[in-house]
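# Geometric and topological summary
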Amino acid sequence: MHVGLLYSRIRRDEKLLLSELRERDHEVTKIDVRKERFNIREAPEAFDDVDIAIDRCLATSRSRYVTRFLDAYGIPVVNAADTAELCADKVQNSLVLEAAGVPTPNTDVAFTTDSALESIEAFGYPCVLKPVIGSWGRLMAKVDSRSAAEAILEHKATLGHYEHKVFYIQEFVEKPGRDIRVVATDGEPVAAMTRSSDHWLTNAAKGGEVNRFEITDEVAELVERASDAVGGGLLGVDLMETGDSYTVHEVNHTVEFKALDSCVDFDVPAAIVDWLETKAQREAPA
């Protein structure tokens, strides 16, 4: 199998994948997307003879466009462009989860500060204001009062970029100081961890403590349904506990797994490469 690994920076996650692929004697071409030019008619030479590509781009914009080009070139890519599009945009993510009947936090989208404030007041305090594009818990705000809401909305309105003028307002879910990240391949859970913190944001990128989580039948079913809703692939499905059940608040398409690999008694990169091998065989021309 000849794998094209798309990147803009090689992190610990990519090193784990590269090590596992090379141990199995797969050919790997590392493709720095910052140095490539993508033509609408023909693929760059770096993709010659690539059987399958893995999108590990840090920048969401690069991820969304590069996967579109690979789809146009007929090169299988993990994850597919449609999946990247749905997962990268929190609005689209929420819409497809809701349409699929996957429990997900109630959400409003507004386009002016006045209408956004109306949504915030309707949800009550606290509620959560998120950017429509973003990861690692950046630019998220827990809104505790009307004065805080007015200040945050004014700040976002003056930032300039049009995405900051799309106000994504979500109900605040009372979670037990942690959330759950499940890495899955086409809806099949690979492994899971909890991310715990005294802060309301529990992301590992924000310093959350990670621990192994035993996947229940209910969680496995929700992960499968959430994966199907965005088109499947190598995904990180994030859940929060809500009393005796769960809600899926996000599905991630360029999922990081180094923290998960460090806290479970299971070889996460090996399971991912097992799946890649099967997918490449399935996608190979007859």
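Residues numbered from 1 in each chain as written. Predicted model: local features only at pLDDT ≥ 70, side-chain atom pairs only at ≥ 80, totals over all residues. Heavy atoms only, no water.

Identification of the chain as Lysine biosynthesis protein LysX from Haloplanus salinus is taken from an unreviewed UniProt entry. According to its UniProt record, the chain has this under Pathway (unreviewed entry): "Amino-acid biosynthesis." (UniProt positions renumbered as here; feature names shortened; annotations may be inferred.)

What follows is about the sheet that holds strand β1 (residues 2-7). What the four strands build is an open sheet, ordered β2-β1-β3-β4; its pairing is parallel. Taken across any chain shown, the strands that pair with only one partner, and hence form the sheet edges, are β2 (27-32) and β4 (77-78). Sheet analysis places β1 next to strand β3 (residues 52-55), joined by four bridges and oriented parallel. Among the inter-strand pairings, leucine 5 is bridged to a residue of β3, identified as isoleucine 54. Along the sheet, helix α1 (residues 12-23) contacts β1, β2 and β3; its crossing angle with β2, the most-contacted strand, is approximately 155°. (Pairing = 2+ DSSP bridges. Helix = DSSP H or I, 4+ residues; strand = E, 2+ residues; numbered from the N terminus. Contact = heavy atoms within 4.5 Å. Axes fitted to C-alpha atoms, helices over the stretch in contact; angles between N-to-C directions.)

Before going further, it helps to spend a moment on the packing of aromatic side chains. The final tally for this structure, using the stated rule, is three aromatic pairs. Ring geometry for phenylalanine 38 and phenylalanine 69: centres 5.6 Å apart, planes at 35°, overall tilted. Of the two residues, phenylalanine 38 sits in the loop between β2 and β3 while phenylalanine 69 sits in helix α2 (residues 60-73), which places them 31 residues apart along the sequence. Within the aromatic cluster, the residues linked to one another by ring pairs are Phe38, Phe47, Phe69 and Tyr73. (Phe/Tyr/Trp six-rings, centres within 6.5 Å; stacked < 30°, edge-to-face > 60°.)

A separate point is the confidence of the model for the chain. In this model, the chain carries an average pLDDT of 92, and 94% of its residues clear a pLDDT of 70 or more. No element of the chain has a lower mean pLDDT than helix α6 (residues 146-157), which averages 90, and none a higher one than helix α7 (residues 217-230), which averages 98. (pLDDT = per-residue confidence, 0-100.)

This next bit is on the sheet that holds strand β5 (residues 107-110). If you walk across this open sheet you meet the four strands as β5-β8-β6-β7, and the pairing is antiparallel. Both outer strands of the open sheet, β5 and β7 (141-143), are each paired with one neighbouring strand and no more. Sheet twist, expressed as the mean angle between neighbouring strand axes with direction ignored, is 25°. Across the sheet, helix α4 (residues 90-99) is in contact with β5, β6 (127-130) and β8 (167-171); its angle to β8 comes to roughly 45°. Strands β5, β6, β7 and β8 of the sheet are contacted by helix α5 (residues 113-123), whose axis makes an angle of about 5° with β8.

Here the second largest pocket is characterised by a volume of approximately 190 Å³. Every residue lining the second largest pocket is counted, 10 residues in all, and those nearest its centre are Thr60, Ser61, Arg64, Tyr65 and Glu163. Considering every element that reaches the lining of the second largest pocket, the biggest residue donor is α2, with five residues. Shared between two domains, the lining of the second largest pocket takes at least three residues from each, and those domains are domain 1 (2-78) and domain 2 (107-171). (1 Å grid on protein atoms, 1.4 Å probe; cavity = no way out; pocket = protein on both sides within 12 Å on 5 of 7 lines; lining within 4 Å. Points joined across faces, edges and corners; volume = space filled by probe spheres on them. Domains from an automatic or database assignment.)

We now examine the pairing of β8. Buried residues dominate β8, accounting for four of its five residues. As paired strands, β5 and β8 are joined by four bridges and run antiparallel to one another. Each bridged residue has a counterpart across the sheet, and for threonine 107 the counterpart in β8 is glutamine 170. In this sheet, β8 lies alongside β6 in antiparallel orientation, the contact comprising four bridges. Following the sheet pairing, cysteine 127 is matched in β8 by glutamate 171. (Buried < 20%, exposed > 50% of the residue type's maximum accessible area, 1.4 Å probe, protein only.)

What follows concerns the environment of isoleucine 180. The residue isoleucine 180 is located in strand β9 (residues 178-185) in this model. Taking the C-alpha atoms as reference points, isoleucine 180 and valine 210, separated by 30 residues in sequence, lie 9.4 Å from one another.

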